Amino acid sequence: MGQKVHPYGIRVGYNKNWLSRWFSTKEYPAFVLEDSKIRNFVKKHSTADAGIARIEIERAGGKVRLIISTSRPGVVIGRKGVEIEKLRADLRKEFGREFSIEVSEIRRPEVEAQLVAESIAQQLERRVAFRRAMKQTVSRARKFGGEGIKVSCAGRLAGAEIARSEWYRDGRVPLQTLRADIDYGFAEARTTYGIIGVKVWIYKGEILDREGDQNVSA
């Protein structure tokens, strides 16, 4: 039986960076839980069309720095920065810490796995046929430069009595190659007949050894 490993977690420290960057000994469990709550809070208080793919957290002293990667920075920031100031005030009130927020724009949301997964989930909630939603997503990702994409949906597809999973793949998706830049996203579609899980893997090419590159250039 195949053993599944998270595509991002297995590459952390190799060619992926931690999404939470801080060090603590005594407060480690509390900080891990707080990081999860912060991410959920930001997602919950942002509109559905904000297109937030990931939230990176850095801690220094008593301050928390958030780096929000989004395909629509204008929606997150708001007119004259109203929305981001409101979010900062709400975070300070909820967690009792000082927050600084940076917004990073995602240029090509079509090849950002988390956004692709959420897009498919939203289509399933609007009762779009799951095969059509998956095929359109796969062709769009390939068109915008993805070297390979795999999409999987699992649950009561099309309202069927028995839950099942179906998947489509186009191009190469080498999950076991560590130097491969694999972007992974997961979302849930809450339909009237149950929850459908959506997983997306997007292969963006290989990341060559940086140390080797430096030695060659030296």
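The structure contained in this document is the topic of the report that follows.

What counts as what
Residues numbered from 1 in each chain as written. Predicted model: local features only at pLDDT ≥ 70, side-chain atom pairs only at ≥ 80, totals over all residues. Heavy atoms only, no water. Helix = DSSP H or I, 4+ residues; strand = E, 2+ residues; numbered from the N terminus. Buried < 20%, exposed > 50% of the residue type's maximum accessible area, 1.4 Å probe, protein only. Contact = heavy atoms within 4.5 Å. Areas by Shrake-Rupley, 256 points an atom, 1.4 Å probe, with all protein chains shown as cover. Lys, Arg positive; Asp, Glu negative; His and termini not counted. Charge placed at Lys NZ, Arg CZ, Asp CG, Glu CD. Core = buried A, V, L, I, M, F, W, Y, C linked by side-chain atoms within 4.5 Å. Phe/Tyr/Trp six-rings, centres within 6.5 Å; stacked < 30°, edge-to-face > 60°.

**Observations regarding the overall build of the protein**
Then comes step 1: When helices and strands are counted, the protein shows 6 helices and 8 strands.
Then comes step 2: Reading the protein from its N end, one meets helices and strands in the order β-α-β-β-α-α-β-α-α-β-β-β-β-α.
Then comes step 3: For the protein, the C-alpha atoms occupy an extent of roughly 55 × 50 × 35 Å along the three principal directions.
Then comes step 4: Counting over 218 residues, the protein shows a buried share of 39%.
Then comes step 5: In the protein, 60% of the contacts between residues at least 6 apart in sequence involve partners at least 24 apart.
Then comes step 6: In the structure as shown, the protein presents an accessible area of about 13500 Å², 50% of it carried by carbon and sulfur atoms.
Then comes step 7: Charge separation in the protein, taken as the distance between the mean sites of 41 positive and 28 negative side-chain charges, equals 4 Å.

**A look at the nonpolar core**
Then comes step 1: Counting 22 residues, the largest nonpolar core has I120, L124, C153, V198 and V200 as its most contacted members.
Then comes step 2: Elements with a contribution of two residues or more to this core: α4 (113-125), α5 (130-143), β5 (148-155), β7 (180-191) and β8 (194-206).

**Examining the packing of aromatic side chains**
Then comes step 1: Counted under the stated rule, the structure contains 5 aromatic pairs.
Then comes step 2: Here W22 and F31 contribute two aromatic rings whose centre-to-centre distance is 5.2 Å and whose plane-to-plane angle is 85°, an arrangement assigned as edge-to-face. Side by side, W22 and F31 carry an identical accessibility label, which is buried.
Then comes step 3: Centroid distance F41 to F95: 5.8 Å. Interplanar angle 80°. Geometry classified as edge-to-face. Of this pair, F41 sits in helix α1 (residues 28-45) while F95 sits in helix α3 (residues 82-95); the two residues are 54 residues apart in sequence, bridging distant segments of the chain.

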